[in-house]
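# Structural characterization, general
Here is how the chains run, residue by residue.
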Amino acid sequence: YERTLPAAAPGLDEAFAALGLSGASPQTQNQQLATVFEELRDLREGQQQLSAENEGLRTGQQQLEAEIVELKHRERYSTRDEHDVGTLILQDTDEEELSRLVFADVAQSQINISTKLLSVERGAVHEDPVINRPMLRLLQNMLTGDVRAHECTTSSPLVDARGRQHRCDVVIAEDKSLSWPHVVTAIEGKLDLESQNLKSVIGQCQRRGVAILEQQPWRDTVVLAFHCIKEIGFLQVQKPATPSVSDLMEFLEVESEQVKKGRGFDVLCHLIKEDKFGWVPCPLHLNLNPVSGSVLFDEASVLCGRTKGKTVFLVQVEDRAKQVLKTAVDNDRLKREHQVLEKLGSISGVLQVSPVFEVEVMDGVESHKRSAFLMEYCQAVVPDTVMPKHFSDFAKTLSEASKCDVHHNDLSLDNMVLKPSDSGSELQGVIIDWEHATNEEHMVTGFSGKFAFASDAALKLVGKHAQRTASLADDLESLFYVAVCCGLQEKLEWPSIKEAERLMRKRKEECCLDQLEHRGRVFLGDAAPEWRARWHDYLDRVRRAMISMIRASEAQKGATVQEVLQAWQWSTVDVSEVHLEPLSV
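In what follows, the accompanying structure is described. (Residues numbered from 1 in each chain as written. Predicted model: local features only at pLDDT ≥ 70, side-chain atom pairs only at ≥ 80, totals over all residues. Heavy atoms only, no water.)

### Thoughts on the overall build of the protein chain
Assigned secondary structure in the protein chain consists of 14 helices and 23 strands. The 585 residues of the protein chain split such that 45% are buried. When contacts within the protein chain are restricted to residue pairs at least 6 apart in sequence, those whose partners lie at least 24 apart make up 61%. (Helix = DSSP H or I, 4+ residues; strand = E, 2+ residues; numbered from the N terminus. Buried < 20%, exposed > 50% of the residue type's maximum accessible area, 1.4 Å probe, protein only. Contact = heavy atoms within 4.5 Å.)

Right, dumping it as C-alpha cells:
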C-alpha cells in the first residue's frame, strides 16, 4: 500500500471516482485503499463467522429433527400392545425397505438337516416343545466358534441395568455366556403365522429389537426372525427409522426321512454367516481409577449399558456383587445428583452411593473422561411384581426426603426399584434417579419425568414459560398416577395423551378424582392376581385423600398432604376395616 500506484492502472480511475478521491494525491489514495481493504477483510471474516454459525444452526436443526422423528417413532410403537404394533409395522413398511429384506442374492445353503433335530415329543402341543426347542437344536447345529444359541425365557431372562427382565424364545449371542453386549439377535416362534399370530409376533420382535439397540447404543440396526416350522420372516429394526418386515418365506418341511429346505432357511444361513443380523462388536471400555486402585472394566465385565446422555452400566468385577455404575455427559448434573443422594443417605428408601471418581469411556472412536459413582444393583419395578407395600415405601421415602427439603420431580415406574430390606425377609421399595430433584426454595419450570405422571400444577404451566414451587404434594400426586397404571387391568386412555388440558380432564375422569364415590370395582382390578385382593380398597382410600389434597386451598394443603401420607401407609390390617373420617371437600 505504501508504494505509488501507476497512474495508468486499468480501473483505478473509476475506483477512485467511486470513492470520491479523483484528483487526490497518490498517498491519500493509497491510505484510503488500505482502509477499504481492511474493511473488506473484516466483512469477509464476519461473513465466514456467520456462515459457521449458520452451519451450526443447520446441524442443530437436523439433530432436533432427527430427535423429533425418533420421538414420534417411539410414541407410535410404544404405547400400544404387541398385536397393534405388528399391525402398524405391516402398514408402515415401504416397498423399498421391503425389497432390501427379500435377500435376492442369497446363495442356496448346502447344510444337511437331520429329522432328529426337528423331532417333537409325542403329544406335545405348546410352542416351547413344538417350535422353540427344535429351533434351538437347529441353531446349535449351525452355529460355530463362540457363537451360541441360548434359551431366554422365564427361567433365564436377560436383565438390564434397571433390573428389568427381557424374555424371548431364542437369543443368538457372540459368547458362551449370555449378556447384553454380546447379543446378536432374537428369534420368536409361533405354532403358525396366520393373521393374528403374525401381527403379535412382529410386535414382539419389534420390542426385542428396541431393547437390543437400547442396550447396545453403538449399534444402528438389528435383524430379527420370527417363524413356525413351515414359514419364516424377518424384521429389521433400526434407529430412528420405521421397522421393516419381509414377506413370509418357506422354511422347513419334514418329508418322510428328509427335511425340505425353503428359501427362508437359506436367508437364515446367510444372516448367520455373512450379515450376522447387523451385529457390531461391543466397543465399550470403562477404565476405572478409583481411590483404592486401578480397575479395568472392559466389555467382559460390562453386562449392559448406554453411552449417550445419562449412562448407566451394569458391571461386575471378579467375584464381587453386581453394581450399577452411573456417569453422565453433564458432569455438573451428575455431581449435583450425588450431593442429593449423600444428603438423603440416612433414608432407607434411597440407595447408598460410592464417592465420585473419574472414569474414561471409550466408544471405539474416541474416549470421554467423565465423573461417575457406583450404586447397589436392584430389581426393577413392573406391574406384575409391585405390591401395595412397595408404594407405601415410596410414599415414606418421598415424605422423608421432603423433611430434608428435597423433592424428586421425576417420578415414574422407571425410577422405582426393589431391594432386599434390612431384615432380608422381603423386598423394599426404593426411589432412584434424583438428578432432577429440587427443593422448596428452587423454582421449577415444569416436570422432568414422563408427561402423563406430571401433577396438575406442573401441567397448568405447560407452554407458559412460568415457574412454580416444587412440593411434596406434586410428588404424591405423581405417585398416585403411577400406582393407578400398575393396578388397573383395563387399558387407560390418559397415559398416551400429550395435550395438557385434555390429559388433566381425562385423567381426573378415569382415576375417579372428579367425585368421592368411585365407579364400581372396575376402578381397580377385579382381574388382578390374588395378592391384589385388597389393592382396590387400598388405592381407593388413597384416591379419596387425593381428592381432598387436590381441591384444598394453600392454607389447607399441609393438612391434606398428611392425610394422603396416612392413606398410603400399608399394614397387615385389612384397609377396608380402617375407619376414615368423612372428608370435608
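### Quick look at helix 12 (residues 500–510)
Among all positions in helix 12, only Ala 500, Leu 503, Met 504, Lys 506, Arg 507 and Glu 510 are buried. A side-chain oxygen of the first residue of helix 12 lies 3.1 Å from the backbone nitrogen of Glu 501; this N-cap is Glu 499. A positive backbone phi angle near 60° is found at Cys 512, which sits one or two residues after helix 12. (Polar contact = N/O pair within 3.5 Å; in protein donor to acceptor, adjacent residues only side chain to side chain.)

### Quick word on the sheet that holds strand 19 (residues 379–380)
Pairing is antiparallel in the open sheet, where 3 strands are placed in the order 19-20-21. For this open sheet the edge positions go to strand 19 and strand 21 (427–431), each flanked by a neighbour on one side alone. Relative to strand 20 (residues 416–420), strand 19 runs antiparallel, the two being bridged by 2 bridges. In the sheet register, Ala 380 faces strand 20, and the bridge partner there is Val 417. Packed on one face of the sheet, helix 9 (residues 388–403) meets strand 20 and strand 21 and runs near 40° to strand 21. (Pairing = 2+ DSSP bridges. Axes fitted to C-alpha atoms, helices over the stretch in contact; angles between N-to-C directions.)

### What to know about the nonpolar core
Within the largest apolar cluster, 67 residues are counted, with the highest numbers of intra-cluster contacts made by Phe 391, Trp 434, Leu 476, Leu 479, Phe 480, Trp 494 and Trp 568. Here this core gets 10 residues from one element, more than from any other, and that element is helix 11 (residues 472–487). Apart from residues no more than four positions distant in its own chain, Trp 434 is found in contact with Glu 337, Val 340, Leu 341, Leu 344, Val 350, Thr 397, Ala 401, Val 406 and His 408. (Core = buried A, V, L, I, M, F, W, Y, C linked by side-chain atoms within 4.5 Å.)

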